[in-house]
There are 2 protein chains.
Amino acid sequence: MDTTPFIEYINKYVNLTSKEETLLLSKIVFRNYLKDQYIIQQGDVCKSVNFIISGCTKTFYMDLEGQEHIVMFSIEDWWTSDLGSFITQTPADFNVQCLENTKVAQFTFDNLEKLYAEIPKLERLFRMIVERAFAASQKRIIRSFSLTAKERYLIFREAYPKIDQRVPQYMIASYLGITKEFLSKIKSQLIYDQ
Amino acid sequence: MDTTPFIEYINKYVNLTSKEETLLLSKIVFRNYLKDQYIIQQGDVCKSVNFIISGCTKTFYMDLEGQEHIVMFSIEDWWTSDLGSFITQTPADFNVQCLENTKVAQFTFDNLEKLYAEIPKLERLFRMIVERAFAASQKRIIRSFSLTAKERYLIFREAYPKIDQRVPQYMIASYLGITKEFLSKIKSQLIYDQ
DNA sequence: AAATGATGTTAAACTAGATTAACATTTACT
DNA sequence: AGTAAATGTTAATCTAGTTTAACATCATTT
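Residues numbered from 1 in each chain as written. Chains lettered and ligands numbered in written order. Predicted model: local features only at pLDDT ≥ 70, side-chain atom pairs only at ≥ 80, totals over all residues. Heavy atoms only, no water.

As named in an unreviewed UniProt entry, chain A is Crp/Fnr family transcriptional regulator, taken from Pontimicrobium aquaticum.

Dropping the structure here:
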């Protein structure tokens, strides 16, 4: 497996010596998942934080009525996990499922703790990554309360054009917190608006 | 100002030497805000990450119609900032305003960068803090999409009984993403349910 | 190319929650 | 104590988004 995109990503945040790079690579599992396979399953303890080398995943929560609620999509150069489950090593609230064949660089819980001890710079790396994710998450909360579904859809399309084209509409509706029927209505309104 | 609760909090996450403790304290501003004062204002670049020693704040976003949307409340032993603004040093989306007289331990942007360099353990501290905040934020997104307003209110009351009692109902309604009138209706239903 | 399953659309009836407006209660100030 | 301001309640009307159901389109397999 080609580890270059992963190492290049890391080096944007922290400069690793070649020794550290070797150590890091030795503790990471590079893994291929097929379309529809689960990287993380609700109820299991989440054992990994995953960097996506190629492919696409959805993170979703299945509610008591069996309805799927998509929390996020992840594509190349993004991370995916159930961080709440991972950091506390308790059962996951979320599923992470592949929407395409997906290659990931996987940090397991034990390996990551060891890596933090051996390469303290990685604390900085993950601090920065999680800070960004948290800031994005807070903005999303605001949007879900202060904007209409139509406005949220337009922002989504602008912000994630690559995802918009790769993912079926009914999943985008779920991400936006609306039904697929209503998204369909919004889209036909948008065509009419022009 | 009594710095004990702050140092005790830090030591729950990382063990500082007394030298590090002294250095840390020298780079922190302890500050008193009065009720209604702003710690952070929308539009300004956010210059601080704040640990609350005593008091209570609301973090909110004012939309184009002049409506307030509360993102979070913070009380003793919590943190508050506009992290998106802080890490990128761009204008803040959020306001942080004191709901009571509030004492904080303040990390400014420049000081925090220096502290990270001098006490690398702090990278670990903030990594862990932000991880928790992010996990909580993702759960909140799910709740806002998969639960009714009544269910969200009950969870809020359970999870944050201390805040529920300190904050007016109309702000709790804003946090829940509903109107004060509808929260009032929910409450009267709950009394009737018993 | 026919058949099956997955995805997307339309429209009618419905509901959770918003809006408006009038009133009640509590708090804080003089 | 009395008044004004802030907070909370109730009820009628309205609307963004849901539900249900029927149909349309597209992709995949045989």
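Trainee: Break down the interface of chain B and chain A for me, with residues and values.
Mentor: Contact residues are listed per partner, giving 35 residues for chain B and 35 residues for chain A. Interface area for chain B against chain A, summed over the two sides, is near 3,400 Å², with a carbon-plus-sulfur share of 69%. Linking chain B with chain A are eight salt bridges, by the criterion used here. For the pair chain B and chain A, the interface holds eleven residue pairs in polar contact (both at pLDDT 80 or more). Listing elements by their share of the side of chain B that touches chain A, those giving two or more residues are strand E5 (68-75), helix H3 (83-88), helix H4 (109-118), helix H5 (121-146) and helix H8 (169-176) of chain B. A per-element tally of the side of chain B that touches chain A places H5 of chain B first, with 19 residues. Looking at side-chain class alone, the side of chain B that touches chain A contains 17 nonpolar, seven polar and eleven charged residues. (Contact = heavy atoms within 4.5 Å. Buried area = accessible area lost by both parts, 1.4 Å probe. Salt bridge = Lys/Arg side-chain N within 4 Å of Asp/Glu carboxyl O. Polar contact = N/O pair within 3.5 Å; in protein donor to acceptor, adjacent residues only side chain to side chain. Helix = DSSP H or I, 4+ residues; strand = E, 2+ residues; numbered from the N terminus. Nonpolar A, V, L, I, M, F, W, Y, C, P; charged D, E, K, R; others polar.)

Trainee: Lay out the protein's contact with DNA strand C with the relevant residues and their values.
Mentor: DNA strand C sits among 15 residues. The nearest are Gln 169, Tyr 170, Glu 181 and Ser 184 of chain A together with Thr 179 of chain B. Each atom of DNA strand C within 4 Å of the protein was classed as base or backbone; sugar and phosphate made up 76%. Within the side chain of Ser 184 of chain A, a nitrogen or oxygen atom sits 3.1 Å from a phosphate oxygen of DNA strand C. Between DNA strand C and the protein, one listed contact pairs a phosphate oxygen with a backbone N or O atom of Ala 149 of chain B at 3.3 Å. Listing elements by their share of the surface near DNA strand C, those giving two or more residues are helix H8 (169-176) and helix H9 (180-193) of chain A together with helix H6 (149-159) and helix H9 (180-193) of chain B. For the surface near DNA strand C, the leading source of residues is H9 of chain A, giving four residues. (Near = heavy atom within 4 Å.)

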